[in-house]
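Survey of secondary and tertiary structure
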Amino acid sequence: LCYGIVRNRPDEMGLPKIEEIDLGRKKDDLLDRPPIFKALIKVLKNKYIWPPFLLFAGVHGAFIALTGTWGISYLVDVYGLTPRAAANYTTMSVLGLGIGGFIIGRVSDYIKRRKIPTIIYTTISLISWGALVFINGGRPPQAMLYPIFFLIGFSCAAFVMCWSCGKEVNHPAFTGIST
């Protein structure tokens with residue numbers, strides 16, 4: 001599908017060439033690219049970049065720790081599952097992330113807001129993690145694990161908003177480094 005759909009340049013899909021788009025801009029809109037270190041310093045000094053950064057690190061970091069590091073070990077040790085069976089639960093989280101990312105993007109674009117979907121998703125994340133950690137002393141009934149793991153992945157998609165926020169709160173010349 002990628003070979004049949006993805007193209008290297010916009011003009012291969014009947015869209016204007018990049019050069020044509022750039023020529024259509026006003027001269028003031030064309031930005032000089034600052035040196036990377038100076039751009040990084042400017043981004044780090046921006047107080048509005050820190051909330052999305054911390055949200056990204058917390059929500060996505062916890063998700064990666066669960067699905068990539070200790071989730072399977074936890075399920076094997078606590079529930080006595082085989083590694084293969086335990087992997088199904090972490091796969092459920094990854095599936096949740098895929099669906100959640102699609103939905104949060106659509107909702108955010110539809111309502112033209114980033115904050116509300118992000119708050120809702122992070123609240124779902126907090127509740128999901130709370131269920132995993134606190135129900136029955138960190139051992140919720142096995143029947144609850146699929147929904148919990150799915151919701152952890154689904155709500156982890158809040159980090160997608162961090163890219164948009166990072167881009168929107170910084171100068172356009174710093175888009176790459178801010179995201």
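Residues numbered from 1 in each chain as written. Predicted model: local features only at pLDDT ≥ 70, side-chain atom pairs only at ≥ 80, totals over all residues. Heavy atoms only, no water.

Take the packing of aromatic side chains next. Taken as a whole, this structure holds eleven aromatic pairs when the rule is applied. A ring pair is formed by Trp 70 and Tyr 74, whose centres lie 6.0 Å apart and whose planes are at 85°; its orientation type is edge-to-face. Here Trp 70 pairs with Tyr 74, and both are found in helix H4 (residues 50-79), just four residues apart, close to one helical turn. By relative accessible area, Trp 70 is classed as partly exposed at 34%. Between Tyr 121 and Phe 154, the ring centres sit 5.1 Å apart and the planes meet at 20°, which makes this aromatic pair stacked. Of this pair, Tyr 121 sits in helix H6 (residues 115-134) while Phe 154 sits in helix H7 (residues 142-156); the two residues are 33 residues apart in sequence, bridging distant segments of the chain. Phe 154 shares its class with Tyr 121; the two are buried. Taken together, the ring pairs connect Trp 70, Tyr 74, Tyr 79 and Trp 129 into an aromatic cluster. (Phe/Tyr/Trp six-rings, centres within 6.5 Å; stacked < 30°, edge-to-face > 60°. Helix = DSSP H or I, 4+ residues; strand = E, 2+ residues; numbered from the N terminus. Buried < 20%, exposed > 50% of the residue type's maximum accessible area, 1.4 Å probe, protein only.)

Counting across every chain of the model gives four salt bridges. In this structure, Arg 9 engages Glu 12 in a salt bridge whose closest nitrogen and oxygen atoms are separated by 3.3 Å. Between Arg 114 and Glu 168 there is a salt bridge; the shortest N-O distance is 2.9 Å. One end of the pair, Arg 114, is in the loop between helix H5 (83-111) and H6; the other, Glu 168, is in helix H8 (residues 159-168), with 54 residues separating them in the sequence. Counted as one network, the salt bridges with shared partners bring together Arg 9, Asp 11 and Glu 12. (Salt bridge = Lys/Arg side-chain N within 4 Å of Asp/Glu carboxyl O.)

This brings us to the nonpolar core. Most often, soluble globular proteins have nonpolar side chains that are buried together. Leu 75, Leu 132, Leu 145, Phe 149 and Ile 152 are the most contacted members of the largest nonpolar core, which has 25 residues in total. The residues contacting Ile 152, other than those within four sequence positions of it, are Phe 63, Leu 66, Ser 128, Trp 129 and Leu 132. Counting residues in hydrophobic clusters, the runner-up holds five residues, among them Ala 39, Val 43, Ala 173 and Phe 174. (Core = buried A, V, L, I, M, F, W, Y, C linked by side-chain atoms within 4.5 Å. Contact = heavy atoms within 4.5 Å.)

This part is about a nonpolar patch on the surface. A surface patch of nonpolar side chains, amounting to about 850 Å² of accessible area, comprises Ile 36, Phe 37, Leu 40, Ile 41, Leu 44, Trp 50, Phe 53, Leu 54 and Ile 177. When residues of the nonpolar patch are traced back to their parent elements, those giving at least two are helix H3 (36-45) and H4. It is H3 that provides the largest number of residues to the nonpolar patch, a total of five residues. Counting through the fold element by element, Ile 36 comes out in helix H3. Judged by relative accessible area, Ile 36 falls into the exposed class, the value being 66%. (Patch = residues over 30% accessible without salt bridge, like charges linked within 9 Å, V, L, I, M, F, W, Y side chains within 5 Å. Areas by Shrake-Rupley, 256 points an atom, 1.4 Å probe, with all protein chains shown as cover.)

Attention now goes to the packing of H4 against H6. In the contact formed by H4 and H6, the axes pass within 12 Å of each other and the chain directions differ by 30°. Classed by the angle they form, the pair H4 and H6 counts as roughly parallel. As for how H4 packs across H6, the hand of that crossing is left-handed. Two secondary-structure elements touch here, H4 through Leu 55, Val 59, Ala 62, Phe 63, Leu 66, Trp 70 and Tyr 74 and H6 through Thr 118, Thr 122, Ser 125, Trp 129 and Leu 132. Across the contact of H4 with H6, the residue classes tally to nine nonpolar, three polar and no charged. (Axes fitted to C-alpha atoms, helices over the stretch in contact; angles between N-to-C directions. Parallel < 35°, antiparallel > 145°, perpendicular 65-115°, else oblique. Left-handed = near helix turned anticlockwise from the far one by under 90°. Nonpolar A, V, L, I, M, F, W, Y, C, P; charged D, E, K, R; others polar.)

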